[in-house]
Amino acid sequence: INTTNMIGYSDNPPLLNEKVDVYALGSVIYDLLTGHSPRGKMKEELKAGVREKVLRGEPPTLPNYFEKSSDPAIKAMKNAMRKCWEKDPAKRASAKDIANDLMKASIQLQKAEKQKKG
């Protein structure tokens with residue numbers, strides 16, 4: 001099979017791989033946590049600026065309430081978002097790693113809740 005004519009094939013790693021989906025997962029978690037899109041409503045005039053921020057590796061800012069929260073559930077979600085938004089795709093966590101982290105946090109929260117109830 002001649003792979004040189006295949007879409008996306010080159011001697012260099014592809015720019016679009018599962019790490020792009022992990023980055024997007026960070027945006028989904030942000031939306032679930034805050035109820036808002038991480039970069040605001042995407043208007044045509046904002047797209048270029050947002051693209052630049054993403055390329056520079058600037059993560060979206062969280063509202064102060066979430067940023068300063070000591071709630072363990074919020075902390076777990078913030079940690080997941082940070083891992084999703086790692087600028088270097090090679091260092092970015094996998095979706096499986098993110099899922100495992102969130103599952104561990106969920107189990108810890110459930111245990112803590114049971115202990116509170118006695």
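Before any of the text, the structure's been laid out above.
The rules behind each value
- Along each chain, numbering runs from 1 in the same order as the chain's sequence is written.
- Totals for whole chains, interfaces and linings use all residues, but because this is a predicted model, local features are given only for residues with pLDDT of at least 70 and pairs of side-chain atoms are given and counted only at 80 or more.
- Only hydrogens and water are set aside; all other atoms, that is, all heavy atoms of the structure, feed into the side-chain values.
- Put simply, DSSP marks the helices as runs of H or I at least four residues long and the strands as runs of E at least two long, and each gets a number from the N terminus on.
- Only protein chains enter the area calculation, which uses a 1.4 Å probe; residues under 20% of their type maximum are buried, those over 50% are exposed, and those in between are partly exposed.
- We call two residues in contact when some of their heavy atoms are within 4.5 Å.
- Paired rings are identified among Phe, Tyr and Trp, the last through its six-membered ring, by centres lying within 6.5 Å, and are further divided according to the angle between planes into stacked (under 30 degrees), edge-to-face (over 60) and tilted (the rest).
- Only protein atoms enter the 1 Å grid, on which a cavity is a set of points fitting a 1.4 Å probe that cannot get out and a pocket is an open set with protein on both sides within 12 Å along at least 5 of 7 lines, lining residues being those with an atom within 4 Å of a point.
- Grid points are joined across faces, edges and corners, and a volume is the space filled by probe spheres set on the points.

1. Looking at the overall build of the protein
Part 1: On a plain count of helices and strands, the protein comes out with five helices and zero strands.
Part 2: Start at the N end of the protein and walk to the C end: the helices and strands fall as α-α-α-α-α.
Part 3: Burial status across the protein gives 22% buried among its 118 residues.
Part 4: Here the contacts in the protein between residues at least 6 apart in sequence split such that 60% fall between residues at least 24 apart.

2. Regarding the packing of aromatic side chains
We describe a pair of aromatic rings using the distance from one ring centre to the other and the angle between the two ring planes.
Part 1: Under the counting rule described, the total for this entry stands at three aromatic pairs.
Part 2: When the ring of Y30 is compared with that of W85, the centres are 6.2 Å apart and the planes differ by 50 degrees; the resulting orientation is tilted. Taken together, the residues span a long stretch of sequence, with Y30 in helix 1 (residues 18-34) and W85 in the loop between helix 4 (72-84) and helix 5 (95-117) at a distance of 55 residues.
Part 3: Judged by centre distance (5.0 Å) and plane angle (80 degrees), the ring pair of Y65 and F66 falls under edge-to-face.

3. Some remarks on the layout of surface pockets
Part 1: The computed volume of the second largest pocket comes to approximately 150 Å³.
Part 2: In terms of lining, the second largest pocket is formed by P59, P60, T61, L62, E67, K78, M81, R82, W85 and E86.
Part 3: At three residues, helix 4 tops the list of elements feeding residues into the lining of the second largest pocket.

4. Points about the environment of L102
Part 1: Inspection of the secondary structure puts L102 in helix 5.
Part 2: Put simply, L102 and A80 are 22 residues apart on the chain and 7.3 Å apart in space, counted from C-alpha to C-alpha.
Part 3: Contact partners of L102, with chain neighbours within four places excluded, come to I29, A76, M77 and A80.

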